[in-house]
Amino acid sequence: MKAALGVLVALLASTAAAQPYPSRPVRLVVPLSPGGFADTPTRILAPRLSEQFGRQFYVENRPGAGGTIGWDFVAKSAPDGYTLGITGSTLLIGAHLYKNVQYDALKDFTHITMMASGPYVLVVNPQKVPANSVRELIAAAKAQPGAIDFASSGNGSSQHLVGALFNMMAGVQLNHVPYKGSGPAMQDLLGGQVGVSFAGVPNVLGNVRGGKLKALAVTTPKRWVELPEVPTMAEAGVPGYEATLWLSISGPAGMQAPIVQRLYTEISKALQDPELQHSFRTAGVEAMAMPPDELNRYMASEYEKWGRVVKETGATVN
């Protein structure tokens with residue numbers, strides 16, 4: 001009887017293992033709040049993956065502690081392809097800022113593909129900071145060290161470190177003012193409580209076009225399609241400056257190569273859809289895929305870069 005039961009258990013396990021991936025819904029963990037830079041593109045992508053795979057891909061937000069709560073959950077999940085996470089520059093920044101994280105940002109994940117990238121826009125409230133160019137902003141900041149505030153969505157956020165990189169490379173001391181999210185930061189920027197911010201395209205586009213904010217530069221190496229008249233930071237007077245905000249899809253370390261390859265292939269296919277690409281641009285990012293080996297090299301480079309920024313600027317999480 002026991003022998004027969006053992007054979008049955010082995011047979012069921014073998015049958016389950018032989019089922020094509022995925023055989024049940026797949027969770028996409030966004031480690032930030034709904035409606036933000038990471039969340040919106042993921043919600044655009046998820047239904048297309050559901051259609052292509054024939055199984056539901058659904059979004060689950062697990063925000064907190066700069067994304068570390070969500071990433072810790074992904075890193076500790078089974079490496080079976082049914083729990084994936086949205087990773088990116090904030091994962092690598094947080095690895096240098098948060099001292100008590102229980103995962104390694106590079107080794108404890110299977111990095112599958114890039115998903116999207118986009119710029120932050122250096123904007124000023126012209127009533128608070130009447131600068132018409134990056135060079136004018138730098139001159140004003142050097143004339144009054146620490147007197148000009150820049151708003152971010154919080155200590156340790158991408159906005160914080162993008163501003164810290166600007167301070168370092170431009171040789172200025174803009175004063176960092178952290179908020180609890182990009183919404184409150186934008187509110188005070190528009191109200192004139194702070195004068196400067198590095199903000200996502202969707203958060204500033206309407207106010208730039210309406211004259212409430214002035215866009216001085218984008219943080220990417222190329223100009224942004226929705227703001228073609230706005231120069232890159234390098235063009236505007238800070239040569240070598242680059243801060244591309246990007247999103248990738250990762251799972252726990254140890255995922256099987258065939259599952260990783262299938263996910264990469266299907267996600268790449270979805271990202272080529274013109275309708276999705278348009279929706280991504282509306283959300284302030286450009287759809288882009290990247291093979292796992294190339295992504296691993298890119299993330300290692302970004303890890304070193306943001307580590308240097310944290311060390312050289314003394315950025316901390318309070």
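See above for the structure.
Position numbers for residues start from 1 in each chain and track the written sequence from start to end. Note on the predicted model: pLDDT of at least 70 is required for a residue's local features to be given, and 80 or more for side-chain atom pairs to be given and counted; whole-chain, interface and lining totals, by contrast, use all residues. Think of the side-chain values as coming from all heavy atoms in the structure, minus any hydrogens and water.

Some details on the overall build of the chain
Our working definition: By definition, any uninterrupted DSSP run of H or I lasting at least four residues is a helix, any uninterrupted run of E lasting at least two residues is a strand, and each is numbered from the N terminus. With the radius of gyration taken over C-alpha atoms, the globule rule is written as 2.2 Å times the number of residues to the power 0.38. Working definition: with a 1.4 Å probe on protein chains only, accessible area under 20% of the residue-type maximum means buried, over 50% means exposed, and in between means partly exposed. Any two residues whose heavy atoms approach within 4.5 Å are treated as being in contact. Areas reported as accessible are Shrake-Rupley estimates using a 1.4 Å probe. Residue values count occlusion only from the protein chains shown. A residue counts as positive if it is Lys or Arg and as negative if it is Asp or Glu; His and the chain ends are not included. In this description, the location of a charge corresponds to atom NZ of lysine, CZ of arginine, CG of aspartate or CD of glutamate.
Within the chain one finds 12 helices and 11 strands. Its C-alpha atoms give the chain a radius of gyration of 21 Å, near enough to 20 Å, the size a compact globule of 318 residues would have. Each principal axis of the C-alpha atoms in the chain carries an extent, and together these give about 85 × 40 × 30 Å. Considering the chain as a whole, with its 318 residues, one finds that 51% of them fall into the buried category. Long-range pairs, those at least 24 residues apart, make up 77% of the contacts in the chain between residues at least 6 apart in sequence. Roughly 14400 Å² of accessible area belongs to the chain as shown, and the carbon and sulfur atoms make up 53% of that amount. Here the chain carries 26 positive and 23 negative side-chain charges, and the mean point of each set is 3 Å from the other.

Notes on the side chain of S158
Its location among the elements puts S158 in helix α6 (residues 158-170). The exposure class of S158 is buried, given its relative accessible area of 6%. Contacts of S158, omitting those with residues within four sequence positions, involve S89, T90, I93, Y120 and L245.

Quick word on the sheet that holds strand β5 (residues 120-124)
This is how the line gets drawn: Two strands qualify as a pair provided DSSP detects at least 2 bridges between them. Axes, fitted as lines to C-alpha atoms, cover a helix only where it is in contact. Angles between the N-to-C directions of the axes lie from 0 to 180 degrees.
Spatial ordering of the open sheet is given by β7-β6-β8-β5-β9, a layout of five strands whose pairing is mixed. Since the sheet does not close on itself, it has two edges, and those belong to β7 (175-178) and β9 (214-218), each with one partner. Each adjacent strand pair in this sheet contributes to an overall mean axis angle of 30 degrees, direction not counted. The strands touched by helix α5 (residues 134-143) are β5, β8 (196-200) and β9; relative to β9, the strand with the most contacts, the crossing angle is about 100 degrees. Each of β5, β6 (149-152) and β8 is contacted by helix α7 (residues 182-191), which is oriented at about 135 degrees to β8, the strand it contacts most.

Notes on the pairing of strand β4 (residues 109-118)
Of all 10 residues in β4, 10 are buried, a share of seventy percent or more. Where β4 lies against strand β10 (residues 245-252), eight bridges are found, and the strand directions are antiparallel. Bridge assignment links A116 to a residue of β10, and that residue is L247. Pairing analysis gives two bridges linking β4 to strand β11 (residues 286-287), with the strands arranged antiparallel. Its bridge partner being in β11, S117 is matched across the sheet by E286.

A look at the pattern of salt bridges
For clarity, the cut-off: Salt bridges are defined by distance alone: a side-chain nitrogen of Lys or Arg within 4 Å of a carboxyl oxygen of Asp or Glu.
If you walk through the whole model with that rule in mind, you get 10 salt bridges. Here D80 ties to R24 by a salt bridge, and the two come within 3.2 Å at their closest N and O atoms. You can see D80 sitting in the loop between α3 (68-75) and β3 (83-88) and its partner R24 sitting in the loop between α1 (2-18) and β1 (26-30), a full 56 residues away along the chain. For R24, a relative accessible area of 40% translates into the label partly exposed. Between E286 and R281 there is a salt bridge; the shortest N-O distance is 3.2 Å. On the basis of relative accessible area, R281 is assigned to the partly exposed category, the value being 24%. Each member of the salt-bridge network shares a partner with another, and the members are R27, E60 and R62.

Thoughts on the packing of helix α4 (residues 89-97) against helix α12 (residues 292-313)
To keep things clear, this is the line we draw: Roughly parallel covers angles under 35 degrees, roughly antiparallel covers those over 145, roughly perpendicular covers 65 to 115, and oblique covers all other angles. By the definition used in this description, the sense in which the near helix is turned from the far one sets the handedness, with an anticlockwise turn below a right angle giving left-handed and a clockwise turn giving right-handed. The residue classification treats Ala, Val, Leu, Ile, Met, Phe, Trp, Tyr, Cys and Pro as nonpolar and Asp, Glu, Lys and Arg as charged. All others, Gly included, are polar.
Relative orientation of the contacting elements α4 and α12 amounts to 45 degrees, with a least axis distance of 9 Å. In terms of orientation, α4 lies oblique with respect to α12. Helix-helix and strand crossings are classified by hand; for α4 and α12 the assignment is right-handed. The segment α4 lies against α12, with S89, L91, L92, I93, A95, H96 and L97 engaging M299, E302, Y303, W306, G307 and V310. Classifying every residue of the contact of α4 with α12 by side-chain character gives nine nonpolar, three polar and one charged.

So, unusual backbone geometry
Note the cis peptide between Y21 and P22, where omega equals -5 degrees. Inspection of the secondary structure puts P22 in the loop between α1 and β1.

A closer look at the pairing of β6
Here is the rule we go by: Seen with its strands pointing away from the viewer, a crossover is right-handed when the path leading from the first strand over the helix to the second is clockwise.
Two strands pair when backbone bridges link them, and β6 and β7 are joined in this way by four bridges, in the parallel orientation. Paired with D149 across the bridge in β7 is N175. For the crossover that starts at β6, traverses α6 and ends in the parallel β7, the hand is right-handed. Note: β6 against β8, two bridges, orientation parallel. Counterpart to F150 in the pairing with β8 is V196.

What about the sheet that holds β4?
Spatially, β2-β1-β3-β10-β4-β11 is the arrangement adopted by the six strands of the open sheet, whose pairing is mixed. Whereas interior strands pair on both sides, the edge strands pair on one side only; in this sheet they are β2 (57-61) and β11. Of the strands in this sheet, β1, β3, β4 and β10 touch α3, which is tilted by about 135 degrees from β3.

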